[in-house]
Amino acid sequence: MTTLKQLKIYFFSFDGAGHLAACYGLAQELVNRGHQITFFLNSSFKSQAEKYGCREIIFSETEQNIEKKNHSTTDNPIKAVADELLSLGMLGPNSAVEKMKLMNKMDWFSQHYDSVIKKSPVFQKIINEESPDLFIFDHCYVPPVVPMKGIKYVNLFSGNPIFLQKSPNLPPGCSGLHDNCFSFKCSKMFVFHCRLSD
């Protein structure tokens, strides 16, 4: 009988309860199979991964401050994100078109990119000191040091799958529009309306 090698697997996710819950589910199965699992977390999620038999590496205040700029790290992270989305108008009474206009003005992706770059020295240190076998990312960006060092990685996407599809038959992500009321004709009109309103 062949014994499988115990792998050192590291998870890095968006700071969101849903993203982390998906990662914890996968991590639990990997722990049950004898692998060593480590999560990179911001301090607001400290001690969460330990409940599932995983090790944690907590980012310092400096490393996490870009993603956490609108609230302190001691807040309830779910409430903090909900409050931020409410203040930005992404939750609440705004129409789908208004929400899409707001989404186009946000700099979330540049903030997440900057955050990953700022955290790169932590990834570099772990690669040098611990020789990971695999990284699993539930994030839109992979820290450049991981592929540059030849470390294997998997991109997991636990968010709304509509963001992965570009089709005239689907509503835009975060629009709040239901997919079965969004026909090809409707999508063309929606895009046209957004362009006219800018």
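Please refer to the structure higher up on the page.
Residues numbered from 1 in each chain as written. Predicted model: local features only at pLDDT ≥ 70, side-chain atom pairs only at ≥ 80, totals over all residues. Heavy atoms only, no water.

Caption draft 1: Just empty space enclosed by the protein, in detail. In the structure shown here, the tally under the stated rule is one cavity of 30 Å³ or more. By volume, the largest cavity amounts to about 40 Å³. Taken together, Phe12, Ser13, Phe14, Asp15, Leu20, Phe40, Leu41, Asn42 and Phe59 make up the full set of residues lining the largest cavity. Along the lines of polarity and charge, the residues of the lining of the largest cavity split into six nonpolar, two polar and one charged. (1 Å grid on protein atoms, 1.4 Å probe; cavity = no way out; pocket = protein on both sides within 12 Å on 5 of 7 lines; lining within 4 Å. Points joined across faces, edges and corners; volume = space filled by probe spheres on them. Nonpolar A, V, L, I, M, F, W, Y, C, P; charged D, E, K, R; others polar.)

Caption draft 2: Main features of helix 4 (residues 96-105). For helix 4, the set of buried residues is Ala96, Val97, Lys99, Met100 and Met103. Looking straight down helix 4, one finds that the buried residues subtend no more than 160° of arc, so they occupy a single side. (Buried < 20%, exposed > 50% of the residue type's maximum accessible area, 1.4 Å probe, protein only. Helix = DSSP H or I, 4+ residues; strand = E, 2+ residues; numbered from the N terminus. Arc of directions from axis to C-beta.)

Caption draft 3: Structural context of the packing of aromatic side chains. Across all of its chains, the model carries 17 aromatic pairs by this definition. Summarising the aromatic geometry, the rings of Phe40 and Phe59 are spaced 5.8 Å apart at their centres and angled 20° between planes, so their arrangement reads as stacked. In this pair, Phe40 is assigned in strand 2 (residues 36-41) and Phe59 in the loop between strand 3 (55-58) and helix 2 (61-64), connecting sequence segments 19 residues apart. For Phe40, a relative accessible area of 2% translates into the label buried. Residue classification places Phe59 among the buried residues on the basis of a relative accessible area of 3%. Centroid distance Phe40 to Phe135: 6.2 Å. Interplanar angle 15°. Geometry classified as stacked. One end of the pair, Phe40, is in strand 2; the other, Phe135, is in strand 4 (residues 134-138), with 95 residues separating them in the sequence. Taken as a pair, Phe40 and Phe135 share a single burial class, namely buried. Taken together, the ring pairs in this structure connect Tyr10, Phe12, Phe40, Phe59, Phe123, Phe135, Phe137 and Tyr153 into an aromatic cluster. (Phe/Tyr/Trp six-rings, centres within 6.5 Å; stacked < 30°, edge-to-face > 60°.)

Caption draft 4: Just the pairing of strand 1 (residues 8-13), in detail. Taken across its six residues, strand 1 has five buried, putting it largely inside the fold. Examined bridge by bridge, strand 1 and strand 2 share five bridges and lie parallel to one another. Pairing of Tyr10 across the sheet is with Thr38, part of strand 2. On the question of chirality, the crossover connecting strand 1 to the parallel strand 2 by way of helix 1 (residues 17-32) is right-handed. (Pairing = 2+ DSSP bridges. Right-handed = clockwise from strand over helix to strand, strands pointing away.)

Caption draft 5: Here's a closer look at the side chain of Glu56. You can see Glu56 is positioned in strand 3. Here Glu56 occupies a buried position and makes no salt bridge, while the nearest side chain of opposite charge, Lys46, is found at 6.7 Å. From its side chain, Glu56 meets the backbone nitrogen of Ser47 in a polar contact 2.8 Å long. Within the local environment of Glu56, its side chain forms a polar contact with the backbone nitrogen of Glu50, the two atoms lying 3.2 Å apart. For Glu56, the contacting residues outside a window of four places in its chain are Phe39, Leu41, Phe45, Lys46, Ser47, Gln48, Ala49 and Glu50. (Lys, Arg positive; Asp, Glu negative; His and termini not counted. Salt bridge = Lys/Arg side-chain N within 4 Å of Asp/Glu carboxyl O. Polar contact = N/O pair within 3.5 Å; in protein donor to acceptor, adjacent residues only side chain to side chain. Contact = heavy atoms within 4.5 Å.)

Caption draft 6: Looking closely at unusual backbone geometry. For Ser47, which is not glycine, the phi dihedral falls at a positive 75°. Take Ser47: it is sitting in the loop between strand 2 and strand 3. One non-glycine residue with positive phi stands out, namely Ser131, at about 50°. As for its placement among the helices and strands, Ser131 is situated in the loop between helix 5 (108-130) and strand 4.

Caption draft 7: Layout of the pattern of salt bridges. A complete count under the given rule lists three salt bridges for this structure. Lys5 is the salt-bridge partner of Asp133, the closest N and O atoms lying 3.1 Å from each other. Residue Asp133 is found in the loop between helix 5 and strand 4, and its partner Lys5 is found in the segment before strand 1; the two are separated by 128 residues along the sequence. Between Arg55 and Glu130 there is a salt bridge, with the nearest N and O atoms lying 2.7 Å from each other. Pair noted here: Arg55 is in strand 3 and Glu130 is in helix 5, with a separation of 75 residues, a long-range link.

Caption draft 8: Inspection of the pairing of strand 2 at higher detail. In terms of burial, strand 2 is a largely internal element, five of the six residues being buried. Relative to strand 3, strand 2 is paired through four bridges, and the arrangement is parallel. Across the sheet, Thr38 pairs through a bridge with Arg55, a residue of strand 3.

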